[in-house]
Amino acid sequence: MTTSRAALLIDGSDTEFRELVHDMLAFAAAIQEVRNRLGGLIGLSGTQYTILMSIARLTGKVPELGVATLAEHLHLSGAFVTIEINKLVAAGLVSKAVNPSDRRRVLLAVTPEAEQRLAELTRVQAPANDTLFGPLSGSEFRAMRAIIAKLAGTGERTLKLIDYLAPDGKIETAREQVSPLV
């Protein structure tokens with residue numbers, strides 16, 4: 001058994017759980033490759049594309065959009081996002097301004113060049129997204145969105161649990177887990 005939670009077992013079996021994980025891995029790989037290719041079409045890595053898209057979408061919706069807010073939104077570390085933002089600034093796609101409310105922080109915005117590239121990208125991006133999510137009805141999409149939002153934050157906690165149970169990275173010395181939910 002690869003899980004012990006009753007909610008994840010069907011008729012006492014973890015078969016459907018394992019199939020779900022494999023299907024999710026296949027979809028994650030596909031969505032990652034789509035992101036990489038869309039980014040490549042406008043001269044960016046997949047990560048840079050995601051960061052640029054997020055800045056474009058969050059600007060105006062999030063007051064004082066900065067690195068910490070963006071990193072939290074993307075479930076990435078602030079240090080990593082800072083490195084990638086600096087590359088986007090060097091490429092002339094993102095601007096940074098001093099935050100007047102807190103001069104230690106910066107405000108992020110996309111440049112007109114970035115807006116132009118993102119607008120041109122929709123010729124490929126929209127049909128790609130339509131195809132990627134084509135099998136879903138509106139209600140299925142909303143349900144999937146809610147479920148994935150719940151799962152998105154569990155990764156870091158799960159990695160900490162693995163580090164606790166196997167602090168030296170070896171199964172031979174792994175601790176027994178006392179409670180199924182840590």
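Residue positions are counted from 1 within each chain, in the order its sequence is given. pLDDT decides what is reported in this predicted model: residues at 70 or higher carry local features, side-chain atom pairs at 80 or more are listed and counted, and totals for whole chains, interfaces and linings draw on all residues regardless. Each side-chain value is derived from all of the structure's non-hydrogen atoms; neither hydrogens nor water enter the calculation.

### Notes on unusual backbone geometry
- Of note, the phi angle at Glu64 is positive, near 55°, even though the residue is not glycine.
- Relative to the elements of secondary structure, Glu64 occurs in the loop between α2 (46–58) and α3 (67–74).
- A residue is classified by how much of its surface remains accessible, and Glu64, at 41% relative accessible area, is partly exposed.
- A positive phi is found at His75, a non-glycine position, where the angle reads about 60°. Helix numbering and strand numbering both begin at the N terminus, where a helix is a DSSP run of H or I of at least 4 residues and a strand a DSSP run of E of at least 2. Each residue is placed in one exposure class: buried if its accessible area under a 1.4 Å probe, protein chains only, is under 20% of its type's maximum, exposed if it is over 50%, and partly exposed if it falls in between.

### Some words on the packing of α2 against helix α5 (residues 112–132)
- To obtain an axis, a line is fitted to C-alpha atoms, over the contacting stretch when the element is a helix, and the angle between two such axes runs from 0 to 180 degrees between their N-to-C directions. Where α2 contacts α5, the two axes come as close as 11 Å, and the packing angle between them is 110°. In terms of axis orientation, α2 runs roughly perpendicular to α5. Across the interface between the two elements, Tyr49, Leu52, Met53 and Ala56 of α2 pack against Ala114, Leu118, Leu121 and Gln125 of α5.
- Among the residues making up the contact of α2 with α5, the classes are represented as seven nonpolar, one polar and no charged. What sets the label is the angle itself: under 35 degrees gives roughly parallel, over 145 gives roughly antiparallel, 65 to 115 gives roughly perpendicular, and the rest give oblique. We call two residues in contact whenever any of their non-hydrogen atoms come within 4.5 Å of each other. Each residue gets one label: Ala, Val, Leu, Ile, Met, Phe, Trp, Tyr, Cys and Pro are nonpolar, Asp, Glu, Lys and Arg are charged, and the others, such as Gly, are polar.

### Let's talk about the environment of Phe17
- If you trace the backbone, Phe17 turns up in helix α1 (residues 15–41).
- Sequence spacing of Phe17 and Thr82 is 65 residues, and the spatial spacing of their C-alpha atoms is 37 Å.
- Ignoring any residue separated from it by four or fewer positions in sequence, one finds Phe17 in contact with Thr2, Thr3 and Leu8.

### So, α5
- Its 21 residues give α5 an end-to-end C-alpha distance of 29 Å, which sits within 8% of 30 Å, the value for a rise of 1.5 Å per residue.
- Bend at a residue means the angle formed by two fitted axes: the first through the 7 residues ending at that position, the second through the 7 residues beginning there. Along its length, α5 shows its largest kink, about 50°, at Thr122.
- Along α5, the residues that are buried comprise Ala114, Leu118, Leu121, Gln125 and Leu132.
- On its buried face, α5 sits against α1, α2 and β2 (106–110). Expected span, for any helix, means 1.5 Å times one less than how many residues it has.

### Quick look at the nonpolar core
- Only buried residues count toward a nonpolar core. Its members are Ala, Val, Leu, Ile, Met, Phe, Trp, Tyr and Cys residues joined through side-chain atoms within 4.5 Å. By size, the foremost hydrophobic cluster in this structure holds 24 residues, and its most contacted members are Leu52, Ile55, Leu70 and Ile85.
- Non-local contacts of Leu52, meaning those with residues more than four positions away in its chain, are made with Leu44, Leu88, Leu93, Val94, Val110, Ala114 and Leu118.

### Comments concerning the pattern of salt bridges
- Salt-bridge detection follows one rule: a side-chain nitrogen of Lys or Arg within 4 Å of a carboxyl oxygen of Asp or Glu. Considering all chains together, one arrives at seven salt bridges under this definition.
- Note that Arg117 and Glu113 form a salt bridge whose closest N and O atoms lie 2.9 Å from each other. Here Arg117 pairs with Glu113, and both are found in helix α5, just four residues apart, close to one helical turn.
- Each of Asp102, Arg104 and Arg105 takes part in one network of salt bridges that share partners.

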